Every structure is written in C-alpha cells, then in structure tokens.
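# Descriptive analysis of the structure
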Amino acid sequence: MGMLCNSGRASPSRGLAAGRALAVRRGGVTSAEEKLTDGGGFPTRGTADPSLCSPAATGMDGDDTITAEVCKEADIGDGELWDVMVAGYPVLLVRNKKEFSALGSKCPHYGAPLSKGVLKGERLRCPWHGACFNIKTGDIEEYPSLDCLPCFKVTVEDGKVFVTAKKKDLESSLRVKDTSKRCLLNRETMLLLGGGVASLVCAETLRQEGFTGRIIMVTKEKHVPYDKSKLSKAMNLKAEDVYLRKPEFLDAHGIELWTEKEAVSVDFQKQKVCFMDGSSQKYHQLLIATGSHSSFLKVPGADLQNVCVLQTPEDSSKILELATGKNLVIVGASFIGMEVAAFLSDKAGAISVVEKKEFPLQNALGPQVGGVAMKMLQNKGVKFYMKTELSELKGTDGKVAEAVLASGEKLPADVVVVGIGVFPNSAFLKGTSIARDDSGAILVDLRMQTNIPNVFAAGDVVSFPVALLNGDWSSIHHQQVAEAHGHIAALNMLKKEKELHTVPFFWTTMFGKSIRYAGCGKGYTNTIVKGSLEQQKFLIFYIRDGFVTAAASLNCDPMVSLIAEVLYLGKQISKEEAEACDICNIPSLAET
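Residues numbered from 1 in each chain as written. Predicted model: local features only at pLDDT ≥ 70, side-chain atom pairs only at ≥ 80, totals over all residues. Heavy atoms only, no water.

In terms of helices and strands, the protein chain carries ten helices and 38 strands. A total of 592 residues make up the protein chain; the buried ones form 56% of that total. The contacts in the protein chain between residues at least 6 apart in sequence include a share of 60% that link residues at least 24 apart. Surface exposure of the protein chain reaches about 24100 Å², of which carbon and sulfur atoms provide 49%. (Helix = DSSP H or I, 4+ residues; strand = E, 2+ residues; numbered from the N terminus. Buried < 20%, exposed > 50% of the residue type's maximum accessible area, 1.4 Å probe, protein only. Contact = heavy atoms within 4.5 Å. Areas by Shrake-Rupley, 256 points an atom, 1.4 Å probe, with all protein chains shown as cover.)

So, in structure tokens, the structure goes:
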C-alpha cells in the first residue's frame, strides 16, 4: 500500500515520490480566509531566503522580464510546495519528479494560498474550495475557479534555482485561457438557456475548444453571470461586485447575452425555443441550464409584503435593508438561511430561525456539524425554534408583522426570509418528450445529454448519475458541480465524447469561518469525528457500506481537499483508515 501524505512538520514537508503520493502542505488557513480574499497578508510558510531576491540576485531586461534566484536546488525536496518571492511578487515553486515548476501563488477563485494545497502528480488542488490546476501548464482542471494560473520559466544553474517572468504576469494572479474568435462564416448556433455558471462555463469552453459559430446565452435576469454563493455571505455587495465576468469580457469572446428574456416552450422537432416576449430562436445544439428556484411558503399570509426569498442580488440588498434594526424570522435552517442569519446577526434587531429538523444544516451535514453551526449562531444572539413549523403569517396594512408557530407561539416579524428548499426551473418543458424525474429535474447521462438529440442540460435543473452513489441519479446543487456540468456539456456539444468525472465540493461561511465539504454523503449510516466539535476544529467522515463517501471540516485545511483528491482518483478510504486518522499530525491514509 502506498501513502497519500506525509506527517506535517514546521519546516516544508517532503512529499513522497510523485505518482505514489499526495504532497500536502499543512497550515490552518481558514481563519485568515476572508483577509486573504480581500488582499490581506500573504502566508510565507516555506518561503525562500529573502536575500536571494535582492537586487543583486534579480535582473530585468528591456521588455520588463525579470530573472531572480529564489532558492538552492538542494533546499526543496520532491513533492514540496514553496512560496518564493520574485522582485517582490509571490510565486509558487513546485518540485515534482525532480522537475521544477513556477506558478501564480494564489488561487484565482478567492485567493487561497496554493502552497497549502494538495499535490498529486502534476495536479495541484486548492486547500479552500477544491479548484485544481496543472503545475506544468497552470491550466484549470477542476472548478470552481474559472481562470488558470500564470506559469513562469524555471532554470537551474550551479545548484541555484532561477525564475524568469514578465512583470505584468507577476502582477496578475490569474491567466485567462486562450480562445477562438467568432467567425461569421460559421452559421452553427449554440443556444444556452440560463445565465448561471453552467451556461457561462459551457460558453467559455466552446470558445476554448475552437468553436467559431454563434453562442447565445439567455437569462431572465438583467445581469451577466454572477457568484450566487456570495448573495447570502456578503449581502452588502452590489450586483457588479459579484459578477463572474464583465459584459466586455463576453463581448470580446463573441458570447451574446440576452437578458430579461425567459423561455416558455421548446419545439424539439423544429429545434426552436419560444420566449415570453413572443420571439423565438432556432438552434443546432441546445443547453438547458435554467437552474432552480426557491420553494414558496404554503401557509396563510405567505403573500404579505416583506416575505422574501433570496434568489438575486436585488433580493439580497432588499433583505439587508428591510432587516436592519428590525425583527427577522428565517424559515428553514438551510445554508442560505444560516448564512443570512450570520451576516445579519449584528445588523438585525432580533433573529429567529424556525426549522422542523432538530439541527440546522441537518439534511446535508448531519446533526453533529449542524450542532456546531447552531452554537456559533446562538453565541451571536440568534434564537432557534427547532422541531416545529410555521403555521401562519399575520400582517398589518399588508405587511408581515407576526409569525405564528404550530405550537401557537408568536414571533414578531418585520421581515421573513424563506429558505425551505428549491425546485428545478423546468416548467416550460411540460408536455414535451424530454425525460424528467418526479421533481421536474431533467434526466441526463454522464455526457450531460438528455434523451433528445442535440439537447443537453446542466446545473441545478438536472439529475445525473453520481459515482459516489454507485451511479444512482441525483440532483446536486453546488456551484462547482454546475461548472463541471457546463464544461462537459460543451465538450459533448462538440462531439468530444467526454464523460463527467468530478467530486462534489462546497463550503459554507459564517463569522469568517468556513465549513468545507467534499463527496456525497447521501444515505450515510455512520460518522467518524476527528478533533473537537466543541473547539470548532474537526474533520468528520461520512461512512456508507464501510467506506468514506464524504467528509467535512472546520479549521482543518487542507484535509477536505486531500479527501476530495483521493475520491477523485477512485480510491476508497475504509472506516478503519478513517478511524486511524489524526488531524493534529496528517496521517498516512493507506491506498487500497
């Protein structure tokens, strides 16, 4: 049996031989996550001697190309990840199979320090949110990052390691992948319904793979694709602050964006989509990525003013304005509900959460992690009314004023936020021959192909075969999964015959702390907790049929990324191996 990682040490840890091992850099980065995301301090674990980057060791030619000595060849072992400085700019230096690579040091997604990530062969996984990059090319290999890493030339002379780079590349932490241009002679049309990340990644992948025809992305919203995960985590941001791409980017790549336009029917025989405004558009290939919508309350008073769902940037801003200094009732202890409660805990006058389960986040993360989240929020004054349901909302002058529980207890409510689940946006497909499940989710195979020729679907609107569920169909509503869907759909729209291969990865953030989760724990029967739930430093394994099917952590980076990589490689972690894990000293998890 090989080993997946070494024990952590204060100095840079030497990974095992590439191809046999995952090299892991230790360091608790969770608490610094928001500071780093906002451009705060840069962690320097494993940083080379700064004197090596002094002017005497750095050269710059006429086209602003910089060459700097960053370390001695003998300083860095095989499988190690080092932060080095080149003319004052941070660079990640990697040694794999005795070859050196130099790349941008921060993940383009949220700025995580990649020196604390997980290295397997030529694949580097971000410690925060699981994005993966090829260390030779810097190319993105797994989402949620949309962009690649810049790469720099490395040379070794007389036992000294030098990095050569252009100053403009050092100044940027990301590289946009090269794409083809729109050619008017190509009359083929790819029509993408939906303005989320699945459609965006599909459109970009089409261009990256050489497609020169017409790409039309259609959304009922008025925005370019944006980071929906921030709507509940940072409610004070403007819509423009969460845009994933600017309108100018889409224009430059020949991607048409039709906003405030909603599909109402599809004629699959004629390959034509009709829209609410009476217009229509023919297609050669169609992607349906219309996402999901928040479920509505079905109690008396649900139609009162100031009863809100959180779906758009406008919803986020409205809730923040309405709840400031007021009584807020959150119905449903979902991720959105708990993140809203956390963000508004020091802004609302009072916050009450109503949930029929015993713990928040229980469906996804189980009672143990849900209990941790509950205590975090209770410590900030949030009140929980668990194992009960809302029976009625009462109002004054048409506005909500009071929430009545099934027990008869009454809660003051100036604003109500509803987070009780979602349903797929597929009603416009009723009456067609496209295959959907009982919830309305579109059924697709691993190529994101529906049962209709030339029609693909991706993201929240689909149910797909999940490898970690033994191929059973399921809907997984994570940003990273939607991006992977969009990428695979694009490849198969271009007849590349590529199947989906990804491990679901998501996170929730409250009070500057992130709970990370990888895998698919649906149907788990047992859990193994390492560390301390009470001290909010733990790793929890979800076990099904004697093996790990998912893991979650708080303040234990990069363990969830490590486990995601193990699962991605098709390896199994037995219950016994999970029980032997020691998060205080990264273990040797045996490959089986």
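Turning next to the sheet that holds strand β30 (residues 442–443). With mixed pairing, three strands are arranged side by side in an open sheet as β30-β32-β33. Strands with a single pairing partner mark the edges of an open sheet, and in this sheet they are β30 and β33 (472–474). Examined bridge by bridge, strand β32 (residues 462–466) and β33 share three bridges and lie antiparallel to one another. Looking at β33, one finds that P465 is bridged to W473. (Pairing = 2+ DSSP bridges.)

In this section: the packing of helix α3 (residues 197–208) against helix α8 (residues 479–493). At a closest axis distance of 7 Å, the pairing of α3 and α8 adopts a crossing angle of 35°. In terms of crossing hand, the pair formed by α3 and α8 is right-handed. Seen from α3, the contacting residues are V197, A198, V201, C202, T205 and L206; seen from α8, they are Q479, A482, E483, G486, H487, A490, L491 and M493. (Axes fitted to C-alpha atoms, helices over the stretch in contact; angles between N-to-C directions. Left-handed = near helix turned anticlockwise from the far one by under 90°.)

Where charged atoms of side chains with opposite charge meet at close range, the side chains can pair. Evaluation of the coordinates by the stated rule reveals 19 salt bridges. When the shortest N-O distance is used, the salt bridge between R245 and D147 registers 2.8 Å. On the criterion of sequence distance, the pair formed by R245 in the loop between β14 (214–218) and α4 (247–252) and D147 in the loop between β10 (140–142) and β11 (151–157) is long-range, its members being 98 residues apart. The exposure class of R245 is buried, given its relative accessible area of 8%. Using a relative accessible area of 8% as the deciding quantity, one classes D147 as buried. For E339, the salt bridge is made with K233, and the minimal N-O distance between the two is 3.1 Å. Here E339 is found in helix α6 (residues 335–344), whereas its partner K233 is found in the loop between β14 and α4, with 106 residues between them in sequence. Of the residues examined, E339 reaches a relative accessible area of 4% and is grouped as buried. Looking at K233, the relative accessible area reads 22%, which means it is partly exposed. Put simply, R123, R125, E141 and E565 are held in one network by salt bridges that share partners. (Salt bridge = Lys/Arg side-chain N within 4 Å of Asp/Glu carboxyl O.)

Taken across its five residues, β14 has four buried, putting it largely inside the fold. Looking at chain direction, strand β13 (residues 189–193) and β14 are connected through five bridges and run parallel. For L191, the partnering residue across the bridge sits in β14 and is I216. Read from β13 through α3 to β14, the crossover connection turns out right-handed. (Right-handed = clockwise from strand over helix to strand, strands pointing away.)

A few words now on the nonpolar core. Core analysis: the largest hydrophobic core is formed by 59 residues, its most contacted members being L193, F268, V273, L286, L287 and I288. The element contributing the most residues to this core is α8, with eight residues. Once you skip the residues sitting within four places of it in the chain, L287 turns out to touch L191, L192, L193, A198, S199, C202, F456, A457, A458, A489 and M493. If you look at the next biggest cluster of nonpolar residues, it comprises 45 residues, including M235, I330, V353 and V372. (Core = buried A, V, L, I, M, F, W, Y, C linked by side-chain atoms within 4.5 Å.)

Time to look at the sheet that holds strand β19 (residues 285–288). Strands sit in the order β15-β14-β13-β19-β31 across an open sheet of five strands; the sheet is parallel. In the strand order of this sheet, the two ends are held by β15 (255–258) and β31 (455–457), each with one partner. Averaged over all neighbouring strand pairs, the angle between strand axes comes to 20°, with direction disregarded. Pairing analysis gives three bridges linking β19 to β31, with the strands arranged parallel. What sits directly across from I288, in β31, is A457. The strands touched by α3 are β13, β14, β15 and β19; relative to β14, the strand with the most contacts, the crossing angle is about 170°. Relative to the sheet, α8 contacts β13, β19 and β31, its axis offset from that of β19 by approximately 165°.

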